[in-house]
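Coordinate analysis (summary)
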Amino acid sequence: MLLALTAAVAVGSSSFGAAQAASRGSVVVFPVIYDKSGTDTSRAKAKEAMNEIFKKGGFKVTAESGAASAWRSKKFSTPTITRPPSKENLVSLGKSLGVKYVCSASVTFHTRSIWVNLGPKTVSTCHITLTIVDSQTGKIVHEADAEGRSDEKSDNLKIAGAILISPLVTAVSGGPKTPQESRAAQIASARALEKFIIVD
């Protein structure tokens, strides 16, 4: 299993090199929706991770500020966790910005203290629901429902390490929740985008 995952990461890394030589298209990550969970820093880390993954995958990333302005000018309703943006709105946004792909995501966090051996341990989980539309075809090209835990030590971390630019945030057992949430957000982002980013 480990050998297979290592090979997959190697394939993905080589794919990135080829992709960066010839751009795979433009993308904007917007809107990214949150509920009341998560610190401002961990929320920003989730968004940052998604943008990094697209950049490393060979995509030209468009700034969020232009997307927010275009969204307001179209008078689209403000999306929420329970009322995400429609495919039609995402396609319209992409056409206005002149980007091929629009990536929208909903991000939630759950942080708790669990008892391990002789002491408490802080663990955070990040859940990301993600949709990518192709504004040129009007179709949904990728959907994902992914989760990351701050205390993961599995082979999935190899994938995250391969497709992120920044290193995974170090989270100390029993430490503050922001690093835990930020690390979980990076892992969840990698899982959500892995199948779209890594090409054979």
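Residues numbered from 1 in each chain as written. Predicted model: local features only at pLDDT ≥ 70, side-chain atom pairs only at ≥ 80, totals over all residues. Heavy atoms only, no water.

1. Digging into the packing of aromatic side chains
Per the stated rule, a full pass over the model turns up seven aromatic pairs. For the ring pair phenylalanine 54 and phenylalanine 59, a centre distance of 5.5 Å and an interplane angle of 85° mean the geometry is edge-to-face. The exposure class of phenylalanine 59 is buried, given its relative accessible area of 6%. Measuring from ring centre to ring centre gives 6.3 Å for phenylalanine 54 and phenylalanine 196, while their planes differ by 70°; the resulting arrangement is edge-to-face. One end of the pair, phenylalanine 54, is in helix α2 (residues 40-56); the other, phenylalanine 196, is in helix α6 (residues 177-197), and 142 residues separate them in sequence. Across this residue pair, the class does not change: phenylalanine 54 and phenylalanine 196 are buried. One aromatic cluster is present, formed by Phe54, Phe59, Tyr101 and Phe196 through successive ring pairs. (Phe/Tyr/Trp six-rings, centres within 6.5 Å; stacked < 30°, edge-to-face > 60°. Buried < 20%, exposed > 50% of the residue type's maximum accessible area, 1.4 Å probe, protein only. Helix = DSSP H or I, 4+ residues; strand = E, 2+ residues; numbered from the N terminus.)

2. Some remarks on helix α4 (residues 87-97)
For α4, the full list of buried residues reads Asn89, Leu90, Val91, Leu93 and Gly94. Where the residues of α4 are buried, they touch β1 (26-34), α3 (64-73), β3 (101-116) and β4 (119-134). (Contact = heavy atoms within 4.5 Å.)

3. Structural notes on unusual backbone geometry
Following phenylalanine 30, the chain continues into proline 31 via a peptide bond in cis, with omega recorded as -10°. Locating proline 31 in the fold gives a position in strand β1. Phi angles above zero are rare outside glycine, and lysine 75 is one such case at about 60°. Position of lysine 75 among the secondary structure elements: in the loop between α3 and α4. Looking at lysine 75, the relative accessible area reads 73%, which means it is exposed.

4. Comments concerning α6
Taking 1.5 Å as the rise per residue, α6 with 21 residues should run 30 Å; its terminal C-alpha atoms sit 29 Å apart, in good agreement. Of all the bends in α6, the greatest measures close to 30° and is centred on arginine 191. Within α6, 15 of the 21 residues are buried, leaving the element largely enclosed by the surrounding structure. (Expected span 1.5 Å × (residues − 1). Bend = angle between axes of the 7 residues up to and from the residue.)

5. Focus on the confidence of the model for the chain
Residues with a pLDDT of 70 or more make up 84% of the chain, whose mean pLDDT is 86. With pLDDT under 50 throughout, residues 1-21 is counted as low confidence; its partners more than four residues away or in other chains account for 27 contacts. (pLDDT = per-residue confidence, 0-100.)

6. Some thoughts on the packing of α3 against α4
Relative orientation and spacing of two packed helices are given, respectively, by the angle between their axes and the distance between those axes. Where α3 contacts α4, the axes come no closer than 10 Å and their chain directions differ by 115°. For the pair α3 and α4, the crossing hand works out as right-handed. Contact residues: α3 offers Gly66, Ala67, Ala70 and Trp71, while α4 offers Asn89, Leu90, Leu93 and Leu97. (Axes fitted to C-alpha atoms, helices over the stretch in contact; angles between N-to-C directions. Left-handed = near helix turned anticlockwise from the far one by under 90°.)

7. Some remarks on the packing of α2 against α6
For the pair α2 and α6, the least separation of the axes is 8 Å and the interaxial angle reads 30°. Regarding the angle of α2 to α6, the classification is roughly parallel. α2 and α6 meet at a crossing whose hand is right-handed. On α6, the residues that touch Thr41, Ser42, Lys45, Ala46, Ala49, Met50, Ile53 and Phe54 of α2 are Thr178, Glu181, Ser182, Ala185, Gln186, Ser189, Ala190, Leu193, Phe196 and Ile197. Along the lines of polarity and charge, the residues of the contact of α2 with α6 split into ten nonpolar, six polar and two charged. (Parallel < 35°, antiparallel > 145°, perpendicular 65-115°, else oblique. Nonpolar A, V, L, I, M, F, W, Y, C, P; charged D, E, K, R; others polar.)

8. Looking at the pairing of strand β5 (residues 139-149)
Direction of pairing for β4 relative to β5: antiparallel, over a ladder of ten bridges. By the bridge assignment, threonine 125 is partnered in β5 with arginine 149. The hairpin formed by β4 and β5 contains four residues between the paired strands, and glycine 138 there has a positive phi angle of roughly 75°. (Pairing = 2+ DSSP bridges.)

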